Structure formats: structure tokens, C-alpha cells
Amino acid sequence: MWYNPNSPITNRPHETMKLSEAITKIPGPALWLGLAGLLPFWLPFLFLGTDTEQGTTSRALLIQMGYGAVILSFLGGIRWGAALKLPPGPLQATLFVLSVLPSLAGFVALLLPATVGLILLIGGFLLQGVWDVQSSQRGELPPWYATLRAILTTGAVLALIAAVVIRAVAAG
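Residues numbered from 1 in each chain as written. Predicted model: local features only at pLDDT ≥ 70, side-chain atom pairs only at ≥ 80, totals over all residues. Heavy atoms only, no water.

A. Region of the structure containing the packing of helix α2 (residues 28–36) against helix α7 (residues 143–171). Here α2 crosses α7 at 15 degrees, and the two axes come no closer than 10 Å. Taken as axis vectors, α2 and α7 run roughly parallel relative to one another. For the pair α2 and α7, the sense of crossing is right-handed. Two secondary-structure elements touch here, α2 through A30, L31, G34 and L35 and α7 through W144, L148, I151 and L152. For the contact of α2 with α7, the residue count by class is 7 nonpolar, 1 polar and no charged. (Axes fitted to C-alpha atoms, helices over the stretch in contact; angles between N-to-C directions. Helix = DSSP H or I, 4+ residues; strand = E, 2+ residues; numbered from the N terminus. Parallel < 35°, antiparallel > 145°, perpendicular 65-115°, else oblique. Left-handed = near helix turned anticlockwise from the far one by under 90°. Contact = heavy atoms within 4.5 Å. Nonpolar A, V, L, I, M, F, W, Y, C, P; charged D, E, K, R; others polar.)

B. Geometry of the side chain of S135. With respect to the helices and strands, the residue S135 is situated in helix α6 (residues 114–137). Look at S135 and you get buried, because its relative accessible area is 0%. Here R79 takes part through its side chain, which lies 2.9 Å from a polar atom of the side chain of S135. Sequence-distant contacts of S135, defined by excluding residues within four places in its chain, comprise R79, E140 and L141. (Buried < 20%, exposed > 50% of the residue type's maximum accessible area, 1.4 Å probe, protein only. Polar contact = N/O pair within 3.5 Å; in protein donor to acceptor, adjacent residues only side chain to side chain.)

C. Region of the structure containing the pattern of salt bridges. Within this structure, the stated rule accounts for 3 salt bridges. Put simply, D132 and R79 hold a salt bridge, and the shortest N to O gap is 2.7 Å. Of this pair, D132 sits in helix α6 while R79 sits in helix α4 (residues 56–84), and the two are 53 residues apart along the sequence. You'll find D132 and R79 in the same group, each marked buried. Here the residues in one salt-bridge network are R79, D132 and R149, joined through shared partners. (Salt bridge = Lys/Arg side-chain N within 4 Å of Asp/Glu carboxyl O.)

D. Geometry of α6. If you check α6, its first and last C-alpha atoms are 34 Å apart, about what 24 residues at 1.5 Å a residue would give, namely 34 Å. Two residues or fewer after α6 comes G139, characterised by a positive phi angle close to 90 degrees. (Expected span 1.5 Å × (residues − 1).)

E. Geometry of the environment of F41. Along the polypeptide, F41 turns up in helix α3 (residues 39–42). We classify F41 as buried; its relative accessible area is 2%. Between the C-alpha atoms of F41 and V157, which are 116 residues apart in sequence, the distance is 9.0 Å. With near-sequence residues (within four places) excluded, F41 lies in contact with Q64, Y67, G68, I71, F125, A156, A159 and L160.

F. The packing of aromatic side chains, seen in detail. A complete count under the given rule lists 5 aromatic pairs for this structure. Centre to centre, the rings of F41 and Y67 are 5.1 Å apart; their planes meet at 70 degrees, and the pair counts as edge-to-face. Of this pair, F41 sits in helix α3 while Y67 sits in helix α4, placing them 26 residues apart in sequence. Where W144 meets Y145, the ring centres are 6.0 Å apart and the plane angle is 80 degrees; that geometry is what we call edge-to-face. What makes W144 partly exposed here is its relative accessible area of 24%. Here the aromatic cluster, defined as three or more aromatic residues joined through ring pairs, consists of F41, Y67 and F125. In this structure, R79 packs its charged tip against the face of W131, placed 3.8 Å from the ring centre. (Phe/Tyr/Trp six-rings, centres within 6.5 Å; stacked < 30°, edge-to-face > 60°. Lys NZ or Arg CZ within 6 Å of the ring centre and 35° of its normal.)

What follows is the structure in C-alpha cells.
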């Protein structure tokens, strides 16, 4: 359970909501598509450590990092869309600028050495997740979005951390 007296998720100040109850507030398609979207973060682990002439381990890492960059860009696109609803002005302009940063971070992550790129993706997902949860709690995004982003950010970040750990162990 978590406690946030001002959370629009509960609409009941000073009460707590179980995670299972919060999950029921997420529209079914958003929840199932989001959870399915975690699979490409985790499936590459089936191929790690299976070095072959084709470079399966390198390919698995590339798949995971490439997918992470794409999803980070997608999350920035959601924020761009949210900024479109605002009247033109300094706030909208700032949000447009901030909304392209995840795409740029994902792109740069692909250009860096693998471990550094993974760490950049982890940081990008964590920052984006915090921004999304806080925005949802302030009413700038749907109330259920905070729960969805917390679940999906956790799943993606844990997979990326696992990739960093596996690389470190494999390197000795």
C-alpha cells in the first residue's frame, strides 16, 4: 500500500489504496499492452551467454538497448501529446523541449559503450517515471497513469539493471 493524501488516484484524501485496487483503475488495454511491452526487455536474457559465431549475446544486448531507446522515445511522445493540450506560451514551449529529451537520451545511449548506454537508459526511465507519476498526481495526466508508469518503469529498470550486472559478472 502507499499513502498520498493528495493523490487523484484515490479521490479519498487521507486513505490508502492497495496496489491491486489501483491496478483495477488502469484501462485494460493500457495495462495489458504495457505489460506485454516489458517482454522485449526481458526476452534477451534467454540469449545472453550463448556466444556463437553470429554474436548472439551482442545481438541480445542490442535488442534490449534498442528497444529501451524506442520506448524512452515513445514516453517522450506521450509528453509531447500532453503539451499539445496547453495554450501556446512558455509552459507549453518548456514541455515541448523536455518531451524530446527522452528521445535524445535513448539515441545517445545507443552510441555509447554498452554499460554506459544501459546506465543512461536506466537514468532516463527513472527520470521519466518520476515526472510521469508526479504529473499524474497533479492531475496533468490521467490518475491511473501513475500506477501504470510505476509498474512499467520498475519492470524496465530492473531488466536494464540485470543487464548491467550480467555484463559486470561476465567481464570478471
